Amino acid sequence: MTIDKQLVWVRDPNEGFVLARLQELMGEEADVFPVDNKYPRRVCNFDDIFPAGEPTKDVDDNCELMFLNEATLLNNMLTRYKNNKIYTYVANILLAVNPYEDIPDMYSSNTIKKYQGRSLGELPPHVFAIADKAFRDMKSLKQSQSIIVSGESGAGKTESTKYILKYLCDLWAKGAGPVEQKILDANPILEAFGNAKTTRNNNSSRFGKFMEVHFSNKYQVVGGHISHYLLEKSRICTQSSEERNYHVFYLLCAGAPPELRAALKITKPDDYLYLKNGCTQYFTSVQSEKKINASQKSKQQQAKGGLRDPILDDVEDFQRLHQALSRVGLSEAEKKSVYSIVAAVLHLGNVQFEEEGGARGGCGVAPRSEPALAAAAALLGVDPAELRMALVSRLMQSSRGGAKGTAIMVPLKTYEACSARDALAKAVYSRLFDFIVRRINGSIPSSASAYYIGVLDIAGFEYFQMNSFEQFCINYCNEKLQQFFNERILKNEQELYKREGLNVPEIRFVDNQDCIDLIESKNHGVFHILDEESKLPKPEYGHFTNAVHKELGGSNANARLQLPRASRLKAHRTLRDHEGFLLRHFAGAVCYNTSQFIEKNNDALHASLEFLVQESNNTLVQQLFETSDNNNAKGKLNFISVGAKFQSQLSQLMDKLKENGTNFIRCIKPNSRMVGKQIEGSLVLTQLQCSGTIAVLSLMEHGFPSRAPFADLHNMYSSYLPPKLQNLSPKVFCQAIVHSFGLSDKDYKFGVTRVFFRPGKYSEFDAIMRSDPDSLRAIVDSVLAWLVKSRWRRGIFSVLSIVKLKHKLAYRRRCLVTLQRCVRGHLARRRHRPRMRGLAKLRALQERLAAVRGAAAQLRAGRERVHEQLARVAAALAAAQARIKSDENITSEEIESTYAELTGSVESQMTALQKAMVDQKNKEEQERLRKIEEEMRAAEEAKRQEQERIRQEEENRRLKAEMEARRKAEEAERARSEERDRAAALALQRQMELAAQDDLADRDRLEQERRDHEMAVRLAKETNGHVEGSPPQLRSFPTMDSVNGENRLNRSERVRMQQALQGKQKYDLSKWKYSELRDTINTSCDIELLEACRHEFHRRLKVYHAWKARNARKSTLAEQERAPQSVLDAAKAPRLPARGEVLGARHRYFRIPFVRPGADCEERRGWWYAHFDGQYVARQMELHPDKTPVLLRAGVDDMQMCELSLEETGLTRKRGAEILEHEFEREWQRHARPAQP
Ligand SMILES: Nc1ncnc2c1ncn2[C@@H]1O[C@H](COP(=O)(O)OP(=O)(O)OP(=O)(O)O)[C@@H](O)[C@H]1O
Ligand SMILES: [Mg+2]
C-alpha cells in the first residue's frame, strides 16, 4: 500500500499543532508520526489534521498561504514572531502579537512616513497600515471610520491604540496646535485613574474606551472625544494579593511633593485598608527609587525593592499626570481638589466600625478610626459628625405610624456600615473618573468636525474560575462585537458578493443572536430579571438565579444557559443551582457566580449619603454629584441599574460602529509570563478562536477582500495614462487595465459596479500603476493592444450576429411562402369543389362505361352496333368533362343534369346489353344439356366393361392364393429339419466349453499356490531381520491445509490469526494496517476474509479521499479526480442498501466519457475505463487525445484510483457503459507501456 506520506499539522494540546507525516489511514482516523520525535506517535481524527503546505515559509497575509486553515495560520504567526515580525493579516484584519519588548525602529517617525498613503499589503503588515487605511477610506468614501482593537488582557490593545493615535496626530495634526497634545495627553491621565497592575498586565486598563479623532473637511485633525465604559469599581476597595489598586493612589504616595502629601495626610500604602491587602510595591526605575524616602515605602517595597516596567514609573508618572492635567485645562485648585478626593477615598477606607451594645443593635465608628474619619470629612468638605451619621444609619421613609413620607433614621449593622462606606468610596472615585473624562473632552474642541476615526479599546472575552457581574457585562459586550464582526465581515461581505454576481461559495457561521437575546431581551433577558429582582422588597441572589434558570434555562445539552453542574470544570460543578449559571458564549461556556450580581448592578448610594455629598462645601465634590442620576429621588421602582446604563451606552456605541466603516485589529498575547521572545502555540490558538478569526478563514480563502468601484479606479489612475485611455468609460477602463496586467484571472473578479481583488492583489495592481514611466509605457502598450483585440472581437461578434440574422430572415421567408401556399390551395379547393366532384362522378361513369364495353365484347351477335352506341356515349361524356374543365362558371345544377343524362344513357345501354346477353345464354344452355346426355350414355358402357375386368382379376387372385398356401407348407417343413440340426450343434459346443473352464480353474489354482509359497518365504525372512510392530500407517490423503502450509508461513502473524477465525462471518479489521489489508487481498484464498478486507480497504480510502477533498485547495481539487464526476456523483446519491454481494463475483468492464476539468474543455474530453473484479476496481485507465494515457492497477496505485464499490459507482445502471472483456483488454494492451507486464 502506498500512502503519499503527506506532511500535515495535527492538533496538540500543548503546542496547538505539531508537524507530522501521515502513516496509516484507520477509517475515521489516521495514524501519524510527528516529524520531531520528541512527540509521540498518535492516532488522530481527520478533523484534527490539516494539510501543511510549506511550513518553513512565512507570508505577510495569511490568505497567501498555500493552504489556509487554523494550523497554517498559527504556524505562520509563530514563525514570524520568532523573527520579530509581530504583525500579519488575514485579508484586511490585522493580527498583532504582543512583542513585550521594543523592536527597533518599529514605531519611529521614519516608519510613520513610510506607511503614509500606501495601500494595505504594499508594505509589511503594521498597525500604521491599518490607521492609514482608515484615513484613506474616510477620505475616499467620505465616511467616518472605526478601528476595533480587541484581545485579552495584556494582548497589547492599549499600546496599539496609542500607536494609532500617534500615527494620526503625527501626520495630520501638525497644524492643529494644542489639540494634538491634548489628545495625546488624555492617555496618561486615563491610565493613572483607570489602569492598575493585575496578574495579567502591569498596566491593565480597567475600563473600555472609544477614542474619536475628529477631522475637518480638509482632513486635518480638529478635535477628539472619549467615551468610556464599565470602570471596574470593586478594585477600589479590594484587590487580590498580587494586584494593585488604581495607579493614581500609588502615584500620590510615591510621587507627590512632600507639602501636598502632608496636606492630604498621605503616607505609605501599608497605612490604607484599600491598598494594604494587595501588592504595595511601587513601579520605579533605579533613579526614581532614590527619590522616595523610607516613610513613603511599604514593608514589601523595603524588602523587595520596586517593580520594574519600561513604561511605568510611579514617581515620574505623577509629574506627567500633573502636567497633563494642567494641559487639559485644570487649574491648580482643581488639581488639588482632584488629589484631595483621591486621598479622601483612602482615608474613608480606613474608617472602621464597632458594634454598639444599644437596644437598636446599631454600630458606631471605632475610636481608632476617628482621625481617618476626620481626614476624609475634611477632604470631602463635609461635616465629620454628619459623615459619621450617614455611615452608621440610613434614612428611610416610614409607611406606618405617622403621615406617609416621614423620614426616620434606621441604625445599620457593622457589615451594613462597611458596605455603605465602600459604596461611598466607589461612588466618589467613579464619579471623579467621569469628571476627568468630561474635562478632557471639554478641553478638546470638536465643533468643526466633518468626520472622525474612532478607536475602540475594550477588554476581550474573559473567563476566570470565578466570574461575576463584571465578566458578565464584558462578555455581553463581546457577544455584541462578535455579532457586529460576523455581520461586517461575513454576512455583509457575502451579500455584496451575491449582489455583484460573484460566484463565491456560501460560508456558514454561528449566529449568536440567541445568546444576545438571552442577555438583553426587554421582557425576559438576564438584565431584565436582575432589575426586577432589585425592585423586590428583599432582593436575593438565589431567587434571582432560580428565576434565570426557570425562564431561560434549557434541559437539552445544546441550550445556551445551563446549571453550573453542566460545566466541564470541577470547580464550577460545586456551585449549587441557585448560586450561578453557565452561559455558552460564542467563544466558550462561562460559569457565572451570581452572589454579587444584585449589589454590583445597583451603584446608588443610600439616601443619607447622597444628601451628604450633595451638600458638600467642596465645589468639586458637589459638582461630581449634581449630575447624579439621583436614583434616590426616583425611588426603587424606577432606578437605573448599572446593567441598564451599560446596555444603553453599548447600543449607542453599536449605532456608531454600524454607521462607520470598520477595521479590525486582533491583539494576541504570546505567553502568560509577560516576557518577550516566548510564544505558546495553544495560547495563541485559543485567542484566535475566541476572537472569531478562525471563522473568517474559509471566507477569506474564497473571498475578495479588496474592491474598488470602477469610477474610483478611473479617477485614481486615469491621470497616469495617456488622454486616449482617459476618455474610456470607467468600466471599460478598468477592464482594459486589469486584463492587460497579466494578473491571473483567479486574482480578481468584475462585479456589476466594481472590481474585486484577492488578498494582496490590489496593492500589486496599485504598485504597477504607480511604477516608473518605462514600465508604465509597457502597460499602456498592452492596454492599447487589449483594446484593439477587444474591439476586433466585438467586430467579429457583430458580423456573426448579422450573418445569423440573415439566415433567420431567409428561413422566415420560406415559412411564409408555405403558409401562403396552403391558404391559396384551400381557397381554390373550396371554390372549385362542385366541378371537381362532378368530374369525379363522370370519371366513375366512365369506368362504368368501360365495364359495359367489356361486357359488350362477350356478345357474339350485334357487337359492332353496340360498340357504336357506346362510342357515342363516350364522346358525350368526354364533351361534358371538357366543358366542366374549361368552363369555370358552370353551375353545380348544370353539372348534375349533364351527369344524370349521361348516367341514363349508360344505364340504358347496359340494360339492352344485358337483355342480349340473356338471350345468348339461353341458347348456350340448351346446347350444353344435349352434350350431357351423350356423355351419360358413353359412361354406362364404360361401366359394364369395367365390371367384367374386375371379375377376371378376382379369379386370378384366388389362384395365386392357393399357390401361396402350398409354398408355405413346404417352407414349414424345411424349417423343422433345420431346427433339429441346430440343437445337435449346440449340445456339442457346450460340452467343449465345460472342458475349457475346468482347464482354466486348474491353472488358477496352480498360480495361487505358487504365490502363497513366495509370500511365506518372504515373511519368514522379514521376521528374522526386523523388530516386531506394525509399520507406520498413512492416515489420510494430503489435506488442503498441508498443501497451503507453505504459503501460510509467509503471511504475517495477523493474517494467520485471522485465518484461524475462518468460518466466522464477521472480521474485526479496524486495527489492521493498510499493508496487512493489501497483503491479505493479494494472497488470501479465503474468499470471505478477502471480501471483508477489500471492503475495509476501500472504506478507508473513501474516508481519506473525503478528507483530502475537504482540505484541498479549490484550484487543485479538479486535478486530483480519480474517476469521472458522474461516477463520484452516483456514489453521493442516496441508494438502496446493496444486496448481499456474491462472493467471488465475476469480472465486469466499463467505459464512460470523461472530461477532465480545466481551462479548455474540448482538449480534455476523453474516456475512462474500469475493470471491476467483483465489487472493486482492479484496473482503471484514462485516455485523452494528445495526452499520455493513465493506467492504474489496484495494489499499486490505489491512491489515485476510484475507491467506490461497483454498486456505488452506478456504472451497472448506465446504459451502454458495460463493455466486453476483449474490448477492454484491447485498449489496455494498446496503451500499456512495454515496461508494464
Ligand atoms: N507593540 C508593543 N511593543 C512593545 N511592547 C508592547 C507592545 N504592545 C504591548 N506591549 C507590552 O505589553 C504590555 C501590555 O499591553 P497593553 O497594556 O496594551 O495590553 P491591553 O491589551 O491593553 O491589556 P488590558 O486589557 O489589560 O488593558 C504593555 O505594557 C507593554 O509592555
Ligand atoms: Mg489596556
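See the structure shown above.
Please read all numbers here as calculations on a predicted model, not as lab measurements. (Residues numbered from 1 in each chain as written. Chains lettered and ligands numbered in written order. Predicted model: local features only at pLDDT ≥ 70, side-chain atom pairs only at ≥ 80, totals over all residues. Heavy atoms only, no water.)

## Quick notes on the overall build of the protein
Across its full length, the protein carries 45 helices and 29 strands. Counting contacts in the protein only where the partners sit at least 6 residues apart, residues at least 24 apart contribute 66% of the total. Total accessible area on the protein is roughly 66300 Å²; 53% of this is exposed by carbon and sulfur atoms. (Helix = DSSP H or I, 4+ residues; strand = E, 2+ residues; numbered from the N terminus. Contact = heavy atoms within 4.5 Å. Areas by Shrake-Rupley, 256 points an atom, 1.4 Å probe, with all protein chains shown as cover.)

## What about a positive patch on the surface?
Taken together, the side chains of R829, R830, R833 and R837 define a basic patch exposed on the protein surface. Considering the arrangement of structural elements, one finds R830 in helix α33 (residues 773–831). (Patch = residues over 30% accessible without salt bridge, like charges linked within 9 Å, V, L, I, M, F, W, Y side chains within 5 Å. Salt bridge = Lys/Arg side-chain N within 4 Å of Asp/Glu carboxyl O. Lys, Arg positive; Asp, Glu negative; His and termini not counted. Charge placed at Lys NZ, Arg CZ, Asp CG, Glu CD.)

## Some words on the sheet that holds strand β19 (residues 580–585)
If you walk across this open sheet you meet the three strands as β18-β19-β20, and the pairing is antiparallel. Of all strands in the sheet, those bounded by a partner on one side alone are β18 (561–562) and β20 (588–593). (Pairing = 2+ DSSP bridges.)

## Here we look at the site of ligand 1
As a matter of local geometry, ligand 1 sits amid 19 residues, with N98, S153, K157, T158 and S204 nearest to it. One of the backbone N or O atoms of E159 is found 2.9 Å from an oxygen atom in ligand 1. Here ligand 1 loses 94% of its free accessible area of 620 Å² to cover by the protein chains. If you list the elements that add at least two residues to the shell around ligand 1, you get α4 (157–172) and β10 (204–205). It is α4 that contributes the most residues to the shell around ligand 1, four residues altogether. Of the residues contributing to the shell around ligand 1, the split by class is six nonpolar, nine polar and four charged. (Near = heavy atom within 4 Å. Polar contact = N/O pair within 3.5 Å; in protein donor to acceptor, adjacent residues only side chain to side chain. Nonpolar A, V, L, I, M, F, W, Y, C, P; charged D, E, K, R; others polar.)

## Section: empty space enclosed by the protein
Summed over all chains, the structure comprises three cavities of 30 Å³ or more. Quantified by volume, the largest cavity comes out at close to 230 Å³. Taken together, 17 residues form the lining of the largest cavity, with G151, G460, F461, C690 and S691 sitting closest to its centre. Along the lines of polarity and charge, the residues of the lining of the largest cavity split into eight nonpolar, seven polar and two charged. Estimates place the volume of the second largest cavity at around 40 Å³. (1 Å grid on protein atoms, 1.4 Å probe; cavity = no way out; pocket = protein on both sides within 12 Å on 5 of 7 lines; lining within 4 Å. Points joined across faces, edges and corners; volume = space filled by probe spheres on them.)

## Some details on the nonpolar core
Ranked by internal contacts, the top residues of the largest apolar core, which has 205 residues, are F193, F249, L387, L432 and I665. Setting aside its immediate chain neighbours within four residues, I665 contacts L94, A96, V127, I130, I147, I148, V149, S150 and I164. Counting residues in each nonpolar core, the second largest holds 28 residues, with A20, L22, A30 and L1077 among its members. (Core = buried A, V, L, I, M, F, W, Y, C linked by side-chain atoms within 4.5 Å. Buried < 20%, exposed > 50% of the residue type's maximum accessible area, 1.4 Å probe, protein only.)

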